[in-house]
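The residues making up each chain are set out below.
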Amino acid sequence: MAQFNLPPNSRVQKGKTFAAPAGAKNVRRFEIYRYDPDSGENPRMDKFDIDLAECGPMILDAMLKIKDEVDPTLTFRRSCREGICGSCAMNIDGTNTLACTLAIEDIKGDVTINPLPHLAVVKDLVPDLTHFYAQYASIKPWLQTRTPAPPDSERLQSKEEQELINTPSACILCACCSTSCPSYWWNSDRYLGPSALLATYRWLVDSRDEATGERLDELEDPFRLYRCHTIMNCTYACPKDLNPAKAIAEIKKMLVERRL
Amino acid sequence: MSLQSPLGKALGHGSAKTGLDHWLAQRSTAIALVPLGLWFTVSLLLLPHGSHEFVVAWVAEPLNAILLILLVIALVYHSMVGLQVIVEDYVQGGLGYLTMITVQFVHILLVVAGIYSIIVISLGAGQ
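As the structure is a computational prediction, the values presented were derived from the model and not from experiment.

Draft legend 1. Seen up close, the overall build of chain B. Across its full length, chain B carries five helices and zero strands. For chain B, the α and β elements follow one another from N to C terminus as α-α-α-α-α. A globule of 127 residues ought to have a C-alpha radius of gyration of about 14 Å, yet chain B, at 21 Å, is considerably larger. For chain B, the proportion of its 127 residues judged to be buried stands at 31%. A separation of at least 24 residues holds for 71% of the contacts in chain B among residues at least 6 apart in sequence. Working note: accessible area of chain B is about 8100 Å², and carbon and sulfur atoms make up 75% of it.

Draft legend 2. View of the environment of Gln 135 of chain A. Tracing the backbone through its elements, the reader meets Gln 135 of chain A in helix H2 (residues 130-138). Here the alpha-carbon distance between Gln 135 of chain A and Arg 155 of chain A, two residues 20 residues apart in the chain, equals 27 Å. Residues in contact with Gln 135 of chain A, not counting those within four places in the same chain, are Tyr 184, Ser 188, Tyr 191, Leu 192 and Ala 196 of chain A together with Ala 10 of chain B. A polar contact is formed between the side chain of Gln 135 of chain A and the backbone oxygen of Tyr 191 of chain A, at a distance of 2.9 Å.

Draft legend 3. Spatial organisation of the nonpolar core. Core analysis: the biggest nonpolar cluster contains 65 residues, and Phe 30, Ile 59, Met 90, Ile 92 and Ile 113 of chain A have the highest contact counts within it. If sequence neighbours within four positions are ignored, Met 90 of chain A has contacts with Met 63, Phe 76, Thr 95, Asn 96, Thr 97, Ala 99, Ile 113, Asn 114, Leu 116 and Leu 125 of chain A. Trp 58, Val 59, Val 72 and Val 111 of chain B belong to the second largest nonpolar core, which has 13 residues in total.

Draft legend 4. Representation of the packing of aromatic side chains in the model. For the structure shown, the criterion picks out nine aromatic pairs over all chains. Considering the side-chain rings of Phe 18 of chain A and Phe 48 of chain A, the 4.7 Å spacing of their centres and the 5° angle between planes classify their relative orientation as stacked. Residue Phe 18 of chain A is located in strand S1 (residues 13-18), and its partner Phe 48 of chain A is located in strand S3 (residues 44-51); the two are separated by 30 residues in the primary sequence. In this structure Phe 48 of chain A comes out as buried when scored by relative accessible area, which is 0%. Grouping aromatic residues by their ring pairs yields a cluster made of Trp 185 and Trp 186 of chain A together with Tyr 90 of chain B. Seen from the ring of Trp 203 of chain A, Arg 202 of chain A lies directly overhead, with NZ or CZ sitting 3.7 Å from the centre. Note that Arg 227 of chain A overlies the ring of Phe 223 of chain A, its terminal NZ or CZ placed 4.9 Å from the centroid.

Draft legend 5. Geometry of the state of the cysteines. Residues and elements named next belong to chain A. Per the stated rule, a full pass over the model turns up zero disulfides over all chains. Here Cys 55 is not cross-linked by a disulfide; its sulfur's nearest cysteine counterpart is in Cys 100, at 14 Å. There is no disulfide at Cys 171, and the cysteine sulfur nearest it, in Cys 177, is 6.2 Å away.

Draft legend 6. Quick look at the pairing of strand S4 (residues 89-92) of chain A. Residues and elements named next belong to chain A. Residues Ala 89 and Asn 91 of S4 are buried on one face, and the alternating residues Met 90 and Ile 92, pointing to the opposite face, are buried as well. What sits between S4 and strand S5 (residues 95-98) in their antiparallel hairpin is a turn of two residues, with Asp 93 showing a positive phi close to 55°. With two bridges joining them, S4 and strand S6 (residues 111-114) adopt antiparallel strand pairing. Bridge assignment links Asn 91 to a residue of S6, and that residue is Asn 114.

Draft legend 7. Structural detail: the interface of chain B and chain A. In this assembly, 22 residues from chain B lie in contact with 27 residues from chain A. Around 2200 Å² of area is buried between chain B and chain A when both sides are counted, 57% of it from carbon and sulfur atoms. Among the residues chain B hides against chain A, the three largest losses belong to Leu 20, Asp 89 and Tyr 90 of chain B. Together they make up 25% of the total. Taking the shortest distance from any N to any O, the salt bridge between Glu 88 of chain B and Arg 227 of chain A comes out at 2.3 Å. Counting across the chain B and chain A interface gives 16 residue pairs in polar contact (both at pLDDT 80 or more). Of all the secondary structure elements, the ones that give two or more residues to the side of chain B that touches chain A are helix H1 (6-11), helix H2 (20-46) and helix H4 (62-90) of chain B. Per-element accounting of the side of chain B that touches chain A gives the leading share, five residues, to H1 of chain B. A per-class count over the side of chain B that touches chain A returns twelve nonpolar, five polar and five charged.

Draft legend 8. The sheet that holds S1 of chain A, seen in detail. Residues and elements named next belong to chain A. Read across the open sheet, the six strands follow the order S1-S3-S2-S6-S4-S5; overall the sheet is mixed. Across the chains shown, the open sheet's two edge strands, defined by having one partner strand only, are S1 and S5. Strand-to-strand twist in this sheet, taken as the mean axis angle between neighbours without regard to direction, amounts to 30°. Two elements, strand S2 (residues 27-34) and S6, share three bridges in a ladder whose sense is parallel. In the sheet register, Glu 31 faces S6, and the bridge partner there is Thr 112. Contacting S1, S2, S3, S4 and S6, helix H1 (residues 59-70) crosses the sheet at an angle of about 95° to S3.

Thresholds applied
- Residues numbered from 1 in each chain as written.
- Chains lettered and ligands numbered in written order.
- Predicted model: local features only at pLDDT ≥ 70, side-chain atom pairs only at ≥ 80, totals over all residues.
- Heavy atoms only, no water.
- Helix = DSSP H or I, 4+ residues; strand = E, 2+ residues; numbered from the N terminus.
- Rg over C-alpha atoms; globule rule 2.2 N^0.38 Å.
- Buried < 20%, exposed > 50% of the residue type's maximum accessible area, 1.4 Å probe, protein only.
- Contact = heavy atoms within 4.5 Å.
- Areas by Shrake-Rupley, 256 points an atom, 1.4 Å probe, with all protein chains shown as cover.
- Polar contact = N/O pair within 3.5 Å; in protein donor to acceptor, adjacent residues only side chain to side chain.
- Core = buried A, V, L, I, M, F, W, Y, C linked by side-chain atoms within 4.5 Å.
- Phe/Tyr/Trp six-rings, centres within 6.5 Å; stacked < 30°, edge-to-face > 60°.
- Lys NZ or Arg CZ within 6 Å of the ring centre and 35° of its normal.
- Disulfide = S-S within 2.5 Å.
- Pairing = 2+ DSSP bridges.
- Buried area = accessible area lost by both parts, 1.4 Å probe.
- Salt bridge = Lys/Arg side-chain N within 4 Å of Asp/Glu carboxyl O.
- Nonpolar A, V, L, I, M, F, W, Y, C, P; charged D, E, K, R; others polar.
- Axes fitted to C-alpha atoms, helices over the stretch in contact; angles between N-to-C directions.

This is how it looks when you write it as structure tokens:
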């Protein structure tokens, strides 16, 4: 059965509260999921009161301020701080997104931060993405051809052909979409999820790729592709404004086209 | 414990190379149910009286019997593939297989019973 309750050792408990320094002018509360596997304790929600007058504008700025000034054990991934690396994907205020591109002022009231849903947690806001990356690898995300490359030039594309892959290849593999998808929650062992399917679509519509048939063969499966029921959480969650739901619908159309 | 590689785990048993037929069946029966469902509802509402004799006489008419059999087939098939999707979503492993077989048995029973009833009424009322 799909598991709807957290196992007893994963149930979230109340955590500590860290008050804002005296004289703080513009205080905002951040409730952050904490889990330390070495402690043997259950996860907890710690509350941090932060003076926004002394803090950068983005969620990631507040988290770095907490790590620098309040609790250095707070653990999360981050790198580029401009929405291109995909490291700081987490569930903020109930939506999967990037901490670096979400402004604090765009959230009303307390800011709740959880790790990406339905993944094993390594520590605090760091989820285990091993399977997610393995699924990406499984779709062979590289150019496959039978025609040898021209000896003295690149494989050419027309402007229109290039534009087809322009948007889907902007995916940064942050996993916001896949971990917002209930089908991925219940069946991620076999369902590829919106991220890997969008990545496959990027190669399916690449005019230079000559493995379209093989790629479609690999996708036609009740679980790999057809677990998508078009609820479009993925498109809603994508911090890069991509449209995985549409890509999946296009894949289903391609399968129909080659049959009918 | 498993030392299988993450890629090996992701690849699993490979693609079943099926699923499109199921997807098409769900959509084609849905489309068929629109006119058939409308016809059925409107026809029943237009009956002068909802009594047993009127309905039996209506079912007995050849065109009505044929369309009714089509409605039963489309409805039951649509219900079966739809429930199969829900079972695949939420019930895994041995319990999943068992639920799936039960769902299919019940639906086959329903479609056979439905068609049999229509034929019996249709032929019986003709005597």
